[in-house]
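Listed below, chain by chain, are the residues.
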Amino acid sequence: VFLTGATGAIGGSILDNLLAHGHEVTSTVRSAQKGEEIASKGPQSHFVIYEITLETAHQLEELAVGFDAIIHCVMPSFDENGAKLEDLCVDTLINVGKKTAETKPVTVIFTSGCLINGNTNGIMDEDHDDTSRCIPFVVPRIVREKKIVNASSGNFRGVVIRPSWVYGKSFVDQWIKASKTHNKILAHTGNNHIPFIHYEDLAEMYRILIENHAFGIFYATEPEAVPLETVIERVSTLGNIHEVERIDNPWAHTSGPYGFFIFGQSVDQQIVSKRLNDLYHYTPAHKFLDW
């Protein structure tokens, strides 16, 4: 497996899961120090020093060709350069996949996200996928997703996975930590539904998809979204936090200590991960309210 983003929270979890199940993984890293950390995970864990930029993205064609699976797990910036870089990466990954597919099966997984569905206006699963209410700054991902999936043919399998709000190692944890540090919960107004997925369950989903040579779009969520009021009550109880401030301008706070998850609270999403259960009988082992 060829893996980008292995030093990040999600990518690192994917790496650990794959290694634990006997897969051989080559990860991209930015420095020799990070490479040593990757290599220390065992003889099946390899690395290549490579930073994905607008100038170097084309090098993926040489680095990733010939692998059984390619997992792209790099979160770009949401500015113009970030959009250009992700466009270039998607086109390059498709080229790599097609070249590899000439001689062997290959699965290419592109990591997207749940914000592409926007406000779902009720329960939504992959059979009723709708991106018409996509959050504006991620609209360009609609085209990228279609490119990956539509490239599927013969030995080539294009997969898009849309993680919901990851907890255990990501933005949700930053928000909880800030709430404890400041002894105050800062949260969006209203009671929107928030879809969650534990980082270990998400990593398991990636493994299932490559081992089954899957293709298409897959949501990555727990069976039920959680109302924001319930999320606040849970964090308040566990952290013994009694002050709650509700805000209606979450974007203004995303660069602060509470982080990006506070924006996620402004989107009402009842997303259900149906395909993984229907095709591979997989249900997440964790539940946010039990965490």
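Here, every reference points to the structure presented above.
In this report, we go over the structure that sits alongside the text. (Residues numbered from 1 in each chain as written. Predicted model: local features only at pLDDT ≥ 70, side-chain atom pairs only at ≥ 80, totals over all residues. Heavy atoms only, no water.)

**Focus on the overall build of the chain**
Then, in step 1: If you tally the helices and strands in the chain, you get 10 helices and 15 strands.
Then, in step 2: For a compact globule of 291 residues, the expected C-alpha radius of gyration is about 19 Å, and the chain comes in at 19 Å, within 12% of that figure.
Then, in step 3: Sorting the 291 residues of the chain into buried and exposed places 51% on the buried side.
Then, in step 4: By sequence separation, contacts in the chain at least 24 residues apart represent 76% of the contacts at least 6 residues apart.
Then, in step 5: Of the roughly 12900 Å² of accessible surface on the chain, a fraction of 50% belongs to carbon and sulfur atoms. (Helix = DSSP H or I, 4+ residues; strand = E, 2+ residues; numbered from the N terminus. Rg over C-alpha atoms; globule rule 2.2 N^0.38 Å. Buried < 20%, exposed > 50% of the residue type's maximum accessible area, 1.4 Å probe, protein only. Contact = heavy atoms within 4.5 Å. Areas by Shrake-Rupley, 256 points an atom, 1.4 Å probe, with all protein chains shown as cover.)

**Here we look at helix α7 (residues 199-211)**
Then, in step 1: Taking 1.5 Å per residue as the helical rise, α7 with its 13 residues ought to reach 18 Å, and the 19 Å between its terminal C-alpha atoms agrees with that figure.
Then, in step 2: Judged by how many residues are buried, α7 sits mostly within the fold: 11 of 13 residues are covered.
Then, in step 3: Taken as a whole, α7 has its buried residues at Y199, D201, L202, A203, E204, M205, Y206, R207, I208, L209 and I210.
Then, in step 4: Where α7 terminates, the next one or two residues include H213, which has phi positive at roughly 50°. (Expected span 1.5 Å × (residues − 1).)

**Quick word on the nonpolar core**
Then, in step 1: Counting 35 residues, the largest nonpolar core has L115, W165, V172, W175 and F196 as the members making the most contacts within it.
Then, in step 2: Those residues within four positions of W165 in sequence are excluded, and the remaining contacts are C114, L115, F171, V172, I194, P195, F196, I197, F260, F261, G264 and Q269.
Then, in step 3: Within the second largest apolar cluster, 31 residues are counted, among which are M205, L209, I210 and A214. (Core = buried A, V, L, I, M, F, W, Y, C linked by side-chain atoms within 4.5 Å.)

**Let's talk about the pattern of salt bridges**
Then, in step 1: With the rule as written, the count across this model stands at 16 salt bridges.
Then, in step 2: The salt bridge partner of E245 is K184, with a shortest N-O separation of 2.8 Å. Within this pair, whereas E245 is found in strand β14 (residues 243-247), its partner K184 is found in strand β9 (residues 184-188), the two being separated by 61 residues in sequence.
Then, in step 3: The closest approach of N and O atoms between E204 and R207, which form a salt bridge, is 2.4 Å. Note that E204 and R207 are positioned in helix α7 at a spacing of 3 residues, about one turn of the helix.
Then, in step 4: Judged by its relative accessible area of 9%, R207 is buried.
Then, in step 5: Through salt bridges with shared partners, a single network forms among E86, D87, R141 and R144. (Salt bridge = Lys/Arg side-chain N within 4 Å of Asp/Glu carboxyl O.)

**Brief notes about the pairing of strand β7 (residues 156-163)**
Then, in step 1: Counting buried residues in β7 gives 7 out of 8 residues, a clear majority hidden from the surface.
Then, in step 2: Pairing between strand β5 (residues 106-111) and β7: 6 bridges, direction parallel. Its bridge partner being in β7, V108 is matched across the sheet by G158.
Then, in step 3: Pairing of β7 with strand β12 (residues 216-220), which is carried by 5 bridges, proceeds in the parallel orientation. Residue pairing across strands places V160 opposite I217, the latter belonging to β12. (Pairing = 2+ DSSP bridges.)

**Considering the side chain of E204**
Then, in step 1: In this structure E204 comes out as buried when scored by relative accessible area, which is 18%.
Then, in step 2: At 2.4 Å, the side chain of E204 forms a polar contact with the side chain of R207.
Then, in step 3: Ignoring any residue separated from it by four or fewer positions in sequence, one finds E204 in contact with N17, H21 and Y282. (Polar contact = N/O pair within 3.5 Å; in protein donor to acceptor, adjacent residues only side chain to side chain.)

**A closer look at the environment of H286**
Then, in step 1: Along the chain, H286 turns up in the segment after α10 (275-280).
Then, in step 2: The exposure class of H286 is partly exposed, given its relative accessible area of 27%.
Then, in step 3: Expressed as a C-alpha distance, the spacing of H286 and E200, which sit 86 residues apart in the sequence, is 8.4 Å.
Then, in step 4: Those residues within four positions of H286 in sequence are excluded, and the remaining contacts are Y167, H198, E200, D201 and E222.
Then, in step 5: Among the polar contacts listed, one links the side chain of H286 to the side chain of E200, at a separation of 3.2 Å.
Then, in step 6: Within the structure, the side chain of H286 is placed 3.0 Å from the side chain of D201, a separation counted as a polar contact.

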